[in-house]
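Chain by chain, the residues run as shown.
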Amino acid sequence: MAEDKEFNRSRPYAYEVVGGTPLKGDIEISGSKNAALGIIAAAMMVDGPCTLENVPDISDVHVMMELCRSLGATIDQIDLHTYAIDPTTINTYKASGALVSRIRASYYLMGALLGRCHKASIRLPGGCNFGQRPIDLHLKAFQLMGARGARPTDIDSGIVNLNAEPLHGAKIYLDIVSVGATINAMLAACKAEGKTEIINAAKEPHIVDVANFLNSMGAKIKGAGTDLIKITGVPVLPGHFTYSIIPDQIEAGTYMVAAAVTGGDVTIHNLIPTHMEPLSAKMREMGYQIDEGDECIRVYKNSPDDEIWSTSVKTSPYPGFPTDLQPQTVVLLCTAEGQSRMHENVWQNRFQYVPELAKMGANINVYERIAWVNGIDKFRAARVEATDLRAGAALVCAALAAEGTSHITQAYRIDRGYEHIVSKLTALGATIKRVYVEEYTEDTEA
Ligand code: UD1
């Protein structure tokens, strides 16, 4: 069941959190946001219907579904997490409306439409504001596969017009490990003539999930999850298959942090423990108990008086420490003894939430890409703004730990990527609800 059905999310709202209660109990992780967004785009290339299961009920997914419907795809929601998708009714290769700039992952439609129509006309995507988010590597890959219109100077009033007759395989070397460019190149390559190699590919779990989905539809992709992906293009992806999306690594990590920072004892189910290893290892180093089962992790402290030690963390592409868990982990580092170091190695400017966290008592000095985090006794309640999706989740973690009532405004940003966060946290004993606040203007996100 969708939570808060009667709550009108088109009005400005905040999360109201009364903190100070250790979280306790069990929680289920939903389907991966980033895998779902890639897979929904990939489904637009298929030549028959398919069914997607374990699709998270989050606003980014709703926008992506709407965007695909606007291309002509037939999408029926069977239940909260299951969609029947028939892309054979697609009647345009143009996606230039406002929906495109509401989510970053709309850029996957470039690869998907190139694969399906050999043409794509798409507005540049938006993005959470944590530094420059270029798509030069995506365009370079398309150009190598024969697409015209992929040079930066070809972009016309923010719209990329790609045309590839024929679309052919290519050897694509990515100068920087990019999740988006890897998925986009993989999508187009599935239906290109001949063979493609993506060298220095990203290895994130959702890349493997998109590849597994495409292979189940009839694609020939090998090596996803390594830094060399080899694809043999096929003329037809028959489809007629049901695919279930993997659990969300970042949602799981966020609840691990929430459990720890409140001094709680939570077992998080329906996750893949190996995906959590970078965070689990750091949390163990800090002194937390992390017990792994087949598909679950329990987070707790042996004794409430156990000391939590400082540590140093550096974000990097998978299997490194995920940048999307960086803000939440900084919240955890705030509660450690002494000074910790967080080095943001993926995004240029991903510490914009630090002034908000400072309102809650955090003592953090940022110098370029490094945050020096000084341990504090306790967070204090405050009114703060969710500057982006993961920053918002981090502020929720801090608010859960703080004594008193906090408000996290621009909460719609958190609802972009966390399914039913209010009911999930409430079930763990938290006091959290959505409340209406004064006006805001919804901006471009991803
Ligand atoms: C995806 C995730 C995002 C996550 C990020 C890194 C989705 C929808 N979003 O974003 O949550 O933070 O991976 O794990 O899945 N770069 C270039 N040129 C390009 C593309 C990227 O220079 O053409 C650079 C970026 O500026 C960044 C780095 O490469 O410094 C990694 O970006 P990338 O992996 O592409 O991130 P996204 O796919 O946009």
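As shown above, the structure is provided for reference.
Model, not experiment: these values are computed from the prediction.

So, the pairing of strand β12 (residues 228-232)
Burial of β12 is one-sided: the residues Ile-229 and Ile-231 facing one way are buried, the residues Leu-228, Lys-230 and Thr-232 facing the other way are not. In the sheet, strand β10 (residues 195-199) pairs with β12 via five bridges, with the strands oriented antiparallel. Pairing of Lys-195 across the sheet is with Thr-232, part of β12. One ladder, built from three bridges, connects strand β11 (residues 220-222) with β12; its direction is antiparallel.

A look at the packing of aromatic side chains
Each aromatic ring pair is characterised by the separation of its centres together with the angle its planes make. Summed over the entire model, instances satisfying the criterion amount to five aromatic pairs. Pairing Phe-7 with Tyr-436 gives two aromatic rings, centres 4.3 Å apart and planes at 10°, and the pair type is stacked. Here Phe-7, found in the segment before β1 (13-19), pairs with Tyr-436, found in strand β23 (residues 431-436); they are 429 residues apart in sequence, far enough to count as distant. Relative accessible area serves as the criterion here: at 33%, Tyr-436 is assigned to the partly exposed category. Taken together, a centroid distance of 4.8 Å and an interplanar angle of 65° make the contact between Tyr-107 and Tyr-108 edge-to-face. Connected via pairs of aromatic rings, a cluster forms that spans Phe-7, Tyr-13 and Tyr-436. Seen from the ring of Tyr-436, Arg-11 lies directly overhead, with NZ or CZ sitting 3.8 Å from the centre. Sitting above the plane of the Tyr-300 ring, Arg-298 keeps its charged end 3.8 Å from the centroid.

What about the nonpolar core?
Of all hydrophobic cores here, the largest spans 82 residues; its most connected members are Leu-109, Leu-162, Phe-213 and Leu-214. In this structure, Leu-214 is in contact with Ala-42, Leu-187, Cys-190, Ala-219, Ile-221 and Leu-237, ignoring residues within four places of it in sequence. If you look at the next biggest cluster of nonpolar residues, it comprises 75 residues, including Ile-27, Met-286, Val-330 and Leu-389.

Digging into the site of the ligand
Taken together, 22 residues lie around the ligand, and Asp-136, Ser-178, Val-179, Asp-324 and Val-346 are the ones closest in. Between the ligand and Arg-104, the relevant distance is 3.2 Å, taken from an oxygen atom to a side-chain nitrogen or oxygen of the residue. The backbone of Pro-134 places a nitrogen or oxygen atom 3.3 Å from an oxygen atom of the ligand. For the ligand, the protein covers 89% of the area, taking 740 Å² as the surface of the free molecule. Among the elements that take part in the shell around the ligand, helix α4 (residues 136-144) stands out by supplying three residues, more than any other. Its residues assigned to classes, the shell around the ligand shows 10 nonpolar, seven polar and five charged.

Here we look at the state of the cysteines
Within this structure, the stated rule accounts for zero disulfides. Counting only cysteine sulfurs, Cys-334 is the nearest neighbor of Cys-397, a cysteine outside any disulfide, at a range of 11 Å. Note on Cys-397: relative accessible area 2%, which makes it buried.

Some thoughts on the pattern of salt bridges
If you walk through the whole model with that rule in mind, you get 18 salt bridges. Asp-47 is paired through a salt bridge with Lys-191; the nearest N and O atoms lie 2.8 Å apart. Of the two residues, Asp-47 is situated in the loop between α1 (33-43) and β3 (50-53) and Lys-191 in the loop between α5 (179-190) and β10; the sequence distance between them amounts to 144 residues. Judged by its relative accessible area of 31%, Asp-47 falls in the partly exposed class. Across the salt bridge formed by Glu-292 and Arg-284, the nearest N and O atoms sit 3.5 Å from each other.

Description of the sheet that holds β3
One open sheet holds the four strands; their spatial order is β4-β5-β3-β13, and the pairing between them is mixed. Lying at the two open borders of the sheet, with one neighbouring strand each, are β4 (74-79) and β13 (241-244). Along the sheet, successive strands turn relative to each other by an average axial angle of 20°, direction set aside. One ladder, built from five bridges, connects β4 with strand β5 (residues 82-86); its direction is antiparallel. Note that in β5 the partner of Asp-79 across the bridge is Thr-82. Against the sheet, helix α2 (residues 59-70) makes contact with β4 and β5, and its axis sits at roughly 20° relative to β5, the strand it touches most. Along the sheet face, helix α6 (residues 205-216) touches β3 and β13 and points at about 170° away from the line of β13.

Examining the sheet that holds strand β6 (residues 94-95)
Read across the sheet, three strands follow the order β6-β7-β8 without closing on themselves; strand pairing throughout is mixed. Two strands lie at the open edges of the sheet, namely β6 and β8 (159-163), each paired on one side alone. Pairing geometry for β6 and strand β7 (residues 119-123), over two bridges, is parallel. Residue pairing across strands places Lys-94 opposite Ser-121, the latter belonging to β7.

Here we look at the side chain of Gln-328
Of note, Gln-328 is situated in helix α9 (residues 326-334). Judged by its relative accessible area of 0%, Gln-328 falls in the buried class. Within polar-contact distance, the side chain of Gln-328 engages the side chain of Thr-254 at 3.1 Å. Residues contacting Gln-328, with those up to four places away along its chain left out, are Ile-250, Thr-254, Val-257, Arg-390, Ala-393, Ala-394 and Tyr-418.

The rules behind these values
- Residues numbered from 1 in each chain as written.
- Predicted model: local features only at pLDDT ≥ 70, side-chain atom pairs only at ≥ 80, totals over all residues.
- Heavy atoms only, no water.
- Buried < 20%, exposed > 50% of the residue type's maximum accessible area, 1.4 Å probe, protein only.
- Helix = DSSP H or I, 4+ residues; strand = E, 2+ residues; numbered from the N terminus.
- Pairing = 2+ DSSP bridges.
- Phe/Tyr/Trp six-rings, centres within 6.5 Å; stacked < 30°, edge-to-face > 60°.
- Lys NZ or Arg CZ within 6 Å of the ring centre and 35° of its normal.
- Core = buried A, V, L, I, M, F, W, Y, C linked by side-chain atoms within 4.5 Å.
- Contact = heavy atoms within 4.5 Å.
- Near = heavy atom within 4 Å.
- Polar contact = N/O pair within 3.5 Å; in protein donor to acceptor, adjacent residues only side chain to side chain.
- Areas by Shrake-Rupley, 256 points an atom, 1.4 Å probe, with all protein chains shown as cover.
- Nonpolar A, V, L, I, M, F, W, Y, C, P; charged D, E, K, R; others polar.
- Disulfide = S-S within 2.5 Å.
- Salt bridge = Lys/Arg side-chain N within 4 Å of Asp/Glu carboxyl O.
- Axes fitted to C-alpha atoms, helices over the stretch in contact; angles between N-to-C directions.

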